[in-house]
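The chain contents come next:
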Amino acid sequence: MARTALTMTAATLTATAALLLTACGGGGDDSPQDGIKGAETSTSSATASPSASDSSDVDRPDVSLPEGLKLVFDFEKPSDAEQAAALDDAANYIRALDHGIAQQDPNDPAYQFYSTGGAAKYAKSQIEAWVKDGWTVTGNDPYFNASIDPVGEGKSTLITFCRNQAKFYSKKVKTGKVNYTDENLDSHQKFSLLMSPSEQSAKVWQARQIEVQGRVKECQG
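Parameters and conventions
Residues numbered from 1 in each chain as written. Predicted model: local features only at pLDDT ≥ 70, side-chain atom pairs only at ≥ 80, totals over all residues. Heavy atoms only, no water. Helix = DSSP H or I, 4+ residues; strand = E, 2+ residues; numbered from the N terminus. Buried < 20%, exposed > 50% of the residue type's maximum accessible area, 1.4 Å probe, protein only. Areas by Shrake-Rupley, 256 points an atom, 1.4 Å probe, with all protein chains shown as cover. Core = buried A, V, L, I, M, F, W, Y, C linked by side-chain atoms within 4.5 Å. Contact = heavy atoms within 4.5 Å. Pairing = 2+ DSSP bridges. Salt bridge = Lys/Arg side-chain N within 4 Å of Asp/Glu carboxyl O. Expected span 1.5 Å × (residues − 1). Polar contact = N/O pair within 3.5 Å; in protein donor to acceptor, adjacent residues only side chain to side chain. Disulfide = S-S within 2.5 Å.

K.L.:
An account of the overall build of the protein is needed here, citing residue identities and associated values.
P.N.:
When you go through the protein residue by residue, the secondary structure sums to three helices and nine strands. Counting from the amino terminus, helix and strand elements in the protein follow one another as β-β-β-α-α-α-β-β-β-β-β-β. Classification of the 221 residues of the protein by burial places 54% in the buried group. Working note: accessible area of the protein is about 10000 Å², and carbon and sulfur atoms make up 47% of it.

Printed below as a string of structure tokens:
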């Protein structure tokens with residue numbers, strides 16, 4: 001199976017955290033099944049959905065996706081309110097990226113709401129790759145084993161989590177043909193997101209930089 005990968009330039013996050021903007025391989029044939037993919041807005045009970053976030057006065061964009069896509073975040077919700085908000089919006093960034101792929105819109109407002117800087121560029125490049133090759137997404141896409149670590153002396157937070165994309169597939173937009181693949185080490189990835197409060201609203205956290213590592217054995221368990 002041929003695999004593709006998108007690689008962006010390295011970016012320094014802070015003196016204590018640097019993330020390389022990399023999408024790691026997956027999928028088969030000429031599908032762009034690499035980097036972040038996802039599904040619908042269903043979540044585990046451990047992670048709040050967008051509507052459940054404490055942000056009733058914030059006009060958040062639509063991140064729902066078509067039937068056939070299922071996104072699950074099996075995260076333990078932190079007791080700290082700011083950490084919980086950062087974790088929720090890290091999940092929303094993933095949802096927003098998926099929404100852009102499903103809408104086939106590299107300029108979708110959802111990912112622009114939940115990201116800035118390198119993370120926004122990454123999301124756009126991923127969506128552009130899917131759209132250019134005529135692919136969308138389908139299947140189940142679970143994320144788990146989240147950890148949250150403060151960065152420096154500011155409010156930035158580094159969030160990492162695992163992903164198993166074994167049952168997440170690419171699908172041709174025109175024909176509806178699904179590119180099924182078997183589970184292997186390529187199915188297991190590790191994500192790192194540098195999150196910080198938005199300049200527009202302290203209740204919204206944005207992804208600023210992202211690293212996606214492929215073939216991560218620790219995410220197989």
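K.L.:
Describe the nonpolar core, with residues and values.
P.N.:
Grouped together as the largest cluster of nonpolar side chains are 38 residues, with contacts concentrated most on Tyr93, Ile94, Tyr143, Ile159, Phe161, Leu193 and Met195. Here this core takes ten residues from helix α1 (residues 81-103), the largest share from any one element. With near-sequence residues (within four places) excluded, Ile159 lies in contact with Ala86, Leu87, Ala90, Ser147, Ile148, Phe191, Ser192, Leu193 and Met195.

K.L.:
Let's hear about the pairing of strand β9 (residues 205-213): which residues, and what values?
P.N.:
Burial analysis of β9 places seven of its nine residues in the buried class, which makes it a mostly covered element. As judged from the eight bridges shared by strand β8 (residues 188-197) and β9, these two strands associate in the antiparallel manner. Along β9, the bridge assignment pairs Ser196 with Gln206.

K.L.:
Give me unusual backbone geometry: which residues, what numbers.
P.N.:
Notably, Gln104 is not glycine yet its phi reads approximately 55°, a positive angle. Tracing the backbone shows Gln104 in the loop between α1 and α2 (109-113). By relative accessible area, which is 24% here, Gln104 ends up partly exposed. Despite not being glycine, Arg215 shows a phi value in the positive range, around 55°. If you trace the backbone, Arg215 turns up in the segment after β9.

K.L.:
Mind laying out the pattern of salt bridges, listing which residues take part and the relevant values?
P.N.:
It is possible for side chains of opposite charge to pair when their charged atoms get near one another. With the rule as written, the count across this model stands at five salt bridges. A salt bridge links Asp141 to Arg163; the nearest nitrogen and oxygen atoms lie 2.9 Å apart. Residue Asp141 is found in strand β4 (residues 135-150), and its partner Arg163 is found in strand β5 (residues 157-164); the two are separated by 22 residues along the sequence. According to the relative accessible area criterion, Asp141 is buried, its value standing at 0%. Residue Glu218 pairs with Lys190 through a salt bridge whose shortest N-O separation is 3.4 Å.

K.L.:
Can you explain α1? Please cite residues and give values.
P.N.:
With 23 residues, α1 ought to run about 33 Å at 1.5 Å a step, and its terminal C-alpha atoms sit 32 Å apart, in line with that. In terms of burial, α1 is a largely internal element, 18 of the 23 residues being buried. Its side-chain oxygen placed 3.1 Å from the backbone nitrogen of Glu82, Asp80 serves as the N-cap of α1. Positioned one or two residues after α1, Gln104 has a phi angle of 55°, which is positive.

K.L.:
Give a detailed account of the environment of Tyr143, specifying residues and quantitative values.
P.N.:
Tracing the chain through its elements places Tyr143 in strand β4. The spacing of Tyr143 and Phe191 is 48 residues in sequence and 9.3 Å in space, taken between C-alpha atoms. Within the structure, the side chain of Tyr143 is placed 3.4 Å from the side chain of Arg163, a separation counted as a polar contact.

K.L.:
Give me the state of the cysteines: which residues, what numbers.
P.N.:
Counting across every chain of the model gives one disulfide. One disulfide in the model links Cys162 with Cys219; its S-S distance is 2.0 Å. Between Cys162 and Cys219, the disulfide has an S-S torsion of -65° and is therefore left-handed. Of this pair, Cys162 sits in strand β5 while Cys219 is found in the segment after β9, placing the two residues 57 residues apart along the sequence. You'll find Cys162 and Cys219 in the same group, each marked buried.

K.L.:
An account of the environment of His99 is needed here, citing residue identities and associated values.
P.N.:
Residue position: His99 is located in helix α1. His99 gets classed as buried once you look at its relative accessible area, which sits at 6%. It is 5.8 Å that separates the C-alpha atoms of His99 and Leu65, two residues lying 34 residues apart in sequence.

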